[in-house]
Amino acid sequence: MGKKMLLLGVYGMEVVECGGALAINVNNGGESYASIMLSSEKSRPQVTEAAAVLGVQMYFPGFQSGYVDVSPESKKKLVRIIREVKPDIIITQDPEHSFHDLDPDRRQAMILILESIALASREFALDELPGLEAHPIPTIYYMTPHHPNCVVDISLVWEQKNRAMDVLHSQMEFSGRHFEEAVDAKAMEAIVPGFTALPSDYEKGRAVHKVLDQAIHVYHGLATHGHFALAEAYKRDGNFHLKELINY
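Quick notes on the rules
- Residues numbered from 1 in each chain as written.
- Predicted model: local features only at pLDDT ≥ 70, side-chain atom pairs only at ≥ 80, totals over all residues.
- Heavy atoms only, no water.
- Helix = DSSP H or I, 4+ residues; strand = E, 2+ residues; numbered from the N terminus.
- Buried < 20%, exposed > 50% of the residue type's maximum accessible area, 1.4 Å probe, protein only.
- Polar contact = N/O pair within 3.5 Å; in protein donor to acceptor, adjacent residues only side chain to side chain.
- Contact = heavy atoms within 4.5 Å.
- Patch = residues over 30% accessible without salt bridge, like charges linked within 9 Å, V, L, I, M, F, W, Y side chains within 5 Å.
- Areas by Shrake-Rupley, 256 points an atom, 1.4 Å probe, with all protein chains shown as cover.
- Salt bridge = Lys/Arg side-chain N within 4 Å of Asp/Glu carboxyl O.
- 1 Å grid on protein atoms, 1.4 Å probe; cavity = no way out; pocket = protein on both sides within 12 Å on 5 of 7 lines; lining within 4 Å.
- Points joined across faces, edges and corners; volume = space filled by probe spheres on them.
- Nonpolar A, V, L, I, M, F, W, Y, C, P; charged D, E, K, R; others polar.
- Pairing = 2+ DSSP bridges.
- Axes fitted to C-alpha atoms, helices over the stretch in contact; angles between N-to-C directions.

Some thoughts on the side chain of asparagine 25
For asparagine 25, the position within the fold is in helix 2 (residues 19-27). By relative accessible area, which is 5% here, asparagine 25 ends up buried. Separated by 2.8 Å, the side chain of asparagine 25 and the backbone oxygen of lysine 3 make a polar contact. Leaving out residues up to four positions away in the same chain, asparagine 25 has contacts with Gly2, Lys3, Met5, Gly30, Glu31 and Ser32.

Shown next as structure tokens:
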């Protein structure tokens, strides 16, 4: 049976990075939602369109890059979303990964997200968020973790996930410029033959992401003696509570 699943993300591409799990939940009759803290006015339509490909409903709480903090007002923005959605499962960034990531606001966002998840289940701001009762802390999964402890088979939604990534034009243009400047041209040709001849930053970025995405998902699937051809990696927070041992 489908569940209510909520991604608490910082940047727009996270919707697609977790797109396999989110789309599978929708395909199983569940509801998938995503909140992206730092999505610009330019990128929001693209993120919304990508989310629609995956069947994901979007929230944009409207934080400003460089100004993410852990004030009560910031917490209330995320607590409101959690209490409105009432998720069974929350997906968010990996605390370990966020500490080392030099994207701005990652570390502050991590503290804010975890504090907001905790406060959503307590008597925090009940008078200021009328009609939204406290919601118990759900199961938490960390996306793209350094040390995953589970993987999700996304083989049947792989093309759907790729279509969603196609829509993120701003991100692909940024990636195209980044890879061209940061990596030797001959090295880029080794992983994307014809890279230097591609006519636009978007096409360069998209071509590289296709290679990287397939490599990452095959690695977490078939390449590591897994059961699945393509898999998204996650780390579940805390212990797995089993009524009996399972062999799956």
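So much for the structure itself; the text now carries on.
Focus on a nonpolar patch on the surface
There is a patch of nonpolar side chains on the surface, built from Phe240, Leu242, Leu245, Ile246 and Tyr248 and spanning about 670 Å² of accessible area. With respect to the element layout, tyrosine 248 can be found in the segment after strand 7 (231-236).

Side note on the pattern of salt bridges
For the structure on display, the rule yields eleven salt bridges. Across the pair arginine 106 and glutamate 14 runs a salt bridge whose closest N-O atoms are separated by 2.8 Å. In this pair, arginine 106 sits in helix 6 (residues 106-120) while glutamate 14 sits in helix 1 (residues 14-17), placing the two residues 92 residues apart along the sequence. By the burial criterion, arginine 106 is buried, and glutamate 14 matches it. Here glutamate 180 ties to lysine 204 by a salt bridge, and the two come within 2.6 Å at their closest N and O atoms. Note that glutamate 180 is positioned in helix 8 (residues 169-182) and lysine 204 in helix 10 (residues 201-219), a separation of 24 residues in sequence. By relative accessible area, which is 7% here, lysine 204 ends up buried. One salt-bridge network, in which partners are shared between bridges, spans Glu14, Asp101, Asp103 and Arg106.

Remarks on the environment of phenylalanine 63
Examined against the element boundaries, phenylalanine 63 turns out to sit in the loop between strand 3 (56-59) and helix 4 (72-85). Judged by relative accessible area, phenylalanine 63 falls into the buried class, the value being 11%. In the structure, phenylalanine 63 is positioned 53 residues away from valine 10 in sequence and 9.3 Å away in space, judged by C-alpha atoms. Beyond its immediate stretch of four places on either side in the chain, phenylalanine 63 contacts Met37, Leu38, Val68, Ser74, Lys77, Leu78 and Leu112.

As for the layout of surface pockets
Reported here for the largest pocket is a volume of approximately 1,300 Å³. Along the walls of the largest pocket sit 44 residues, with Met13, Glu17, Asp103, Arg106 and Gln171 positioned nearest its centre. Listing elements by their share of the lining of the largest pocket, those giving two or more residues are helix 1, helix 3 (44-54), helix 5 (95-100), helix 7 (158-166), helix 8, helix 10 and strand 7. It is helix 8 that provides the largest number of residues to the lining of the largest pocket, a total of eight residues. Considered class by class, the residues forming the lining of the largest pocket number 16 nonpolar, 16 polar and twelve charged. In this model, the second largest pocket occupies a volume close to 960 Å³. Taken together, 29 residues make up the lining of the second largest pocket; nearest its centre are Tyr141, Cys150, Val151, Val152 and Tyr248. Every element with two or more residues in the lining of the second largest pocket is listed here: helix 2, strand 4 (89-93), strand 5 (139-143), strand 6 (150-153) and strand 7. Looking at which element gives the most residues to the lining of the second largest pocket, the answer is strand 6, with four residues.

With respect to the sheet that holds strand 4
On the basis of which strands lie adjacent, the open sheet formed by seven strands has the order 3-2-1-4-5-7-6 and mixed pairing. Because the sheet does not close on itself, it has two edges, and the strands there are strand 3 and strand 6. Along the sheet, successive strands turn relative to each other by an average axial angle of 30 degrees, direction set aside. Sheet topology places strand 6 next to strand 7; four bridges connect them, and they run antiparallel. Across the sheet, valine 152 pairs through a bridge with glutamate 232, a residue of strand 7. Sitting on the sheet, helix 2 touches strand 1 (4-9), strand 2 (31-36), strand 3, strand 4, strand 6 and strand 7, and the angle it makes with strand 2 is about 145 degrees.

The values reported here are purely geometric and, on their own, carry no functional implication.
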